[in-house]
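Each chain is listed here by its residues.
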Amino acid sequence: MEFIDGIKVTDKSVLIANDIDPVKVSEAGLRLFVSQILDYGFFHADPHAGNILVKKTVKLSLLISVR
């Protein structure tokens, strides 16, 4: 298990307060999910907002649970 520091993707006011453009976040999310399918042939099967964190570098972290 690893701790990942990030901002909830749905917390627009905190994103803006940290100088992160919500539009860039949404564009990064779109590119991420499209590339999962088209480039890699597999995808995160539970992509709800609770499983996505935004790092201050405008990189997205997808949280997964492995059993």
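Report on the accompanying structure. (Residues numbered from 1 in each chain as written. Predicted model: local features only at pLDDT ≥ 70, side-chain atom pairs only at ≥ 80, totals over all residues. Heavy atoms only, no water.)

## As for the overall build of the protein
No. 1: When its secondary structure is counted, the protein shows two helices and three strands.
No. 2: Along its sequence from the N terminus, the protein presents helices and strands in the succession β-α-α-β-β.
No. 3: In terms of principal-axis extent, the alpha carbons of the protein reach across some 35 × 25 × 20 Å.
No. 4: Taking as baseline every contact in the protein between residues at least 6 positions apart, the subset at least 24 positions apart corresponds to 50%.
No. 5: Here the protein has roughly 5300 Å² of accessible surface; of this, 59% comes from carbon and sulfur atoms.
No. 6: For the protein, the separation between the mean place of its 8 positive charges and that of its 8 negative charges on side chains is 1 Å. (Helix = DSSP H or I, 4+ residues; strand = E, 2+ residues; numbered from the N terminus. Contact = heavy atoms within 4.5 Å. Areas by Shrake-Rupley, 256 points an atom, 1.4 Å probe, with all protein chains shown as cover. Lys, Arg positive; Asp, Glu negative; His and termini not counted. Charge placed at Lys NZ, Arg CZ, Asp CG, Glu CD.)

## Brief notes about the nonpolar core
No. 1: Counting residues in each nonpolar core, the largest one holds five residues, listed as I7, L15, I20, V25 and V54.
No. 2: If sequence neighbours within four positions are ignored, V54 has contacts with G6, I7, V9, L15, I20, V25, K59 and L60. (Core = buried A, V, L, I, M, F, W, Y, C linked by side-chain atoms within 4.5 Å. Buried < 20%, exposed > 50% of the residue type's maximum accessible area, 1.4 Å probe, protein only.)

## Thoughts on the sheet that holds strand β3 (residues 60-62)
No. 1: The three strands lie next to each other as β1-β2-β3, forming an open sheet whose pairing is antiparallel. Since the sheet does not close on itself, it has two edges, and those belong to β1 (7-8) and β3, each with one partner.
No. 2: Two strands pair when backbone bridges link them, and strand β2 (residues 52-54) and β3 are joined in this way by three bridges, in the antiparallel orientation. Considered in β3, the bridge of I52 is made with L62. (Pairing = 2+ DSSP bridges.)

## Thoughts on the environment of L32
No. 1: Within the secondary structure layout, L32 lies in helix α2 (residues 22-40).
No. 2: With a relative accessible area of 25%, L32 lands in the partly exposed category.
No. 3: Along the primary structure L32 and S61 are separated by 29 residues, whereas in three dimensions their C-alpha atoms are 10 Å apart.
No. 4: When near neighbours in sequence (up to four residues on either side) are disregarded, L32 contacts L60 and L62.

## Side note on α2
No. 1: An ideal rise of 1.5 Å per residue puts 27 Å on 19 residues; α2 measures up with 26 Å between its terminal C-alpha atoms.
No. 2: Along α2, the sharpest kink reaches roughly 30°, centred on V34.
No. 3: Buried residues belonging to α2 abut β2 and β3.
No. 4: Here α2 starts with a cap whose side-chain oxygen sits 3.1 Å from the backbone nitrogen of V23, and that cap is D21.
No. 5: Looking at the residues trailing α2, positive phi occurs at G41, about 80°. (Expected span 1.5 Å × (residues − 1). Bend = angle between axes of the 7 residues up to and from the residue. Polar contact = N/O pair within 3.5 Å; in protein donor to acceptor, adjacent residues only side chain to side chain.)

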